[in-house]
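# Examining the three-dimensional arrangement
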Amino acid sequence: MAAREEKGEDALVAEIEKKITETFEVFDRESNKTVDVREIGCIVRALGCFPTEAEVQKLLEQIEVEEPGGFVHLEHFLPVMTKVLLDKRFQPIPEDVILHAFEALDENKCGYITKDDLVKHLTQGGEPFTQEEMEDMLAVALDPETDILHYRDYRIKLVVDETKTFPFNG
């Protein structure tokens with residue numbers, strides 16, 4: 001029985017390593033099994049994980065980064081990321097938590113947030129959005145006619161169904 005469980009575990013590890021490698025290769029522009037260190041957060045998120053930037057930095061501390069230039073080799077990334085996926089770390093944020101976060105930003109409790117307030121909250125303090133991230137979010141989040149965010153509707157776009165998301169669906 002233990003041998004069968006071990007075989008299942010080996011198959012899971014093989015599947016995870018294959019998925020990591022495939023995702024890594026999308027970002028490997030030179031096809032030399034390396035990526036720019038700045039791509040690691042994107043790769044981790046593309047694998048269905050949702051770490052903060054601080055958590056990405058902690059991951060990078062575990063990965064040997066080639067100096068100078070800051071490149072990460074697949075062979076160094078693979079074992080660290082495999083453990084992350086096996087441990088099911090950085091799971092998606094539940095819908096109720098997303099709603100409470102928006103409600104905290106809605107100072108007037110009116111069910112929406114103005115563009116100016118949204119920009120202020122997301123670019124100052126905490127883990128601020130970059131200009132590019134802010135522009136990307138505003139393009140999809142705001143009502144184009146009123147320039148406001150109806151967060152009860154928008155939160156549905158942010159929710160990830162864990163049962164359909166690798167690696168949490170295992």
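Residues numbered from 1 in each chain as written. Predicted model: local features only at pLDDT ≥ 70, side-chain atom pairs only at ≥ 80, totals over all residues. Heavy atoms only, no water.

The chain appears in an unreviewed UniProt entry as EF-hand domain-containing protein from Junco hyemalis.

Broken down by element type, the chain carries eight helices and five strands. In the chain, the succession of α and β elements from N to C terminus is α-β-α-α-β-β-α-α-β-α-α-β-α. Within the span of the chain, comprising 170 residues, buried residues form 33% of the whole. Total accessible area on the chain stands at roughly 10900 Å², and carbon and sulfur atoms take up 52% of it. (Helix = DSSP H or I, 4+ residues; strand = E, 2+ residues; numbered from the N terminus. Buried < 20%, exposed > 50% of the residue type's maximum accessible area, 1.4 Å probe, protein only. Areas by Shrake-Rupley, 256 points an atom, 1.4 Å probe, with all protein chains shown as cover.)

Okay, the packing of helix H5 (residues 95-105) against helix H8 (residues 151-158) next. The interhelical angle for the contact between H5 and H8, taken along N-to-C directions, is 140°, at an axis separation of 10 Å. As judged from the angle between their axes, H5 and H8 are oblique. Between H5 and H8 lies a crossing of right-handed hand. Facing Glu-95, Ile-98, Leu-99, Phe-102 and Glu-103 of H5, the residues of H8 in contact are Tyr-151, Arg-152, Tyr-154, Arg-155, Ile-156 and Leu-158. (Axes fitted to C-alpha atoms, helices over the stretch in contact; angles between N-to-C directions. Parallel < 35°, antiparallel > 145°, perpendicular 65-115°, else oblique. Left-handed = near helix turned anticlockwise from the far one by under 90°. Contact = heavy atoms within 4.5 Å.)

If you walk through the whole model with that rule in mind, you get three aromatic pairs. With a centroid separation of 5.6 Å and an interplanar angle of 35°, the aromatic rings of Phe-24 and Phe-77 are classed as tilted. Highlighted residues: Phe-24 in helix H1 (residues 2-27) and Phe-77 in helix H4 (residues 74-86), separated in sequence by 53 residues. Residue class for Phe-77 comes out buried when judged on its relative accessible area of 1%. (Phe/Tyr/Trp six-rings, centres within 6.5 Å; stacked < 30°, edge-to-face > 60°.)

With numbering aligned to this structure, UniProt lists the feature "domain: EF-hand" (unreviewed entry) at residues 15-50 and 93-128. For residues 15-50, helix accounts for 56% and strand for 8%, while the C-alpha atoms at its two ends are 20 Å apart. Between the first and last C-alpha atoms of residues 93-128 the distance is 18 Å; the span itself is 56% helix and 6% strand. (UniProt positions renumbered as here; feature names shortened; annotations may be inferred.)

Axis separation between helix H6 (residues 115-123) and helix H7 (residues 131-141) bottoms out at 11 Å; the angle between their running directions is 145°. Taken as a pair, H6 and H7 cross one another with a handedness that is right-handed. Seen from H6, the contacting residues are Lys-115, Leu-118, Val-119, Leu-122 and Thr-123; seen from H7, they are Met-134, Met-137 and Leu-138. In terms of residue class, the contact of H6 with H7 is built from six nonpolar, one polar and one charged. (Nonpolar A, V, L, I, M, F, W, Y, C, P; charged D, E, K, R; others polar.)

This brings us to unusual backbone geometry. Unlike most non-glycine residues, Ser-31 shows phi in positive territory, near 55°. By relative accessible area, Ser-31 is classed as exposed at 66%. Although it is not a glycine, Phe-90 adopts a positive phi angle of roughly 60°. With relative accessibility at 11%, the residue Phe-90 sits in the buried group.

Following the sequence through the fold, Asp-106 ends up in the loop between H5 and strand E4 (113-114). For the buried Asp-106, which has no salt bridge, the nearest side chain bearing the opposite charge is Lys-109, at an N-O separation of 6.1 Å. Engagement of the side chain of Asp-106 in a polar contact is seen with the side chain of Tyr-151, the distance being 2.7 Å. Residue contacts for Asp-106: discarding those within four places in its chain leaves Gly-111, Tyr-112, Ile-113 and Tyr-151. (Lys, Arg positive; Asp, Glu negative; His and termini not counted. Salt bridge = Lys/Arg side-chain N within 4 Å of Asp/Glu carboxyl O. Polar contact = N/O pair within 3.5 Å; in protein donor to acceptor, adjacent residues only side chain to side chain.)

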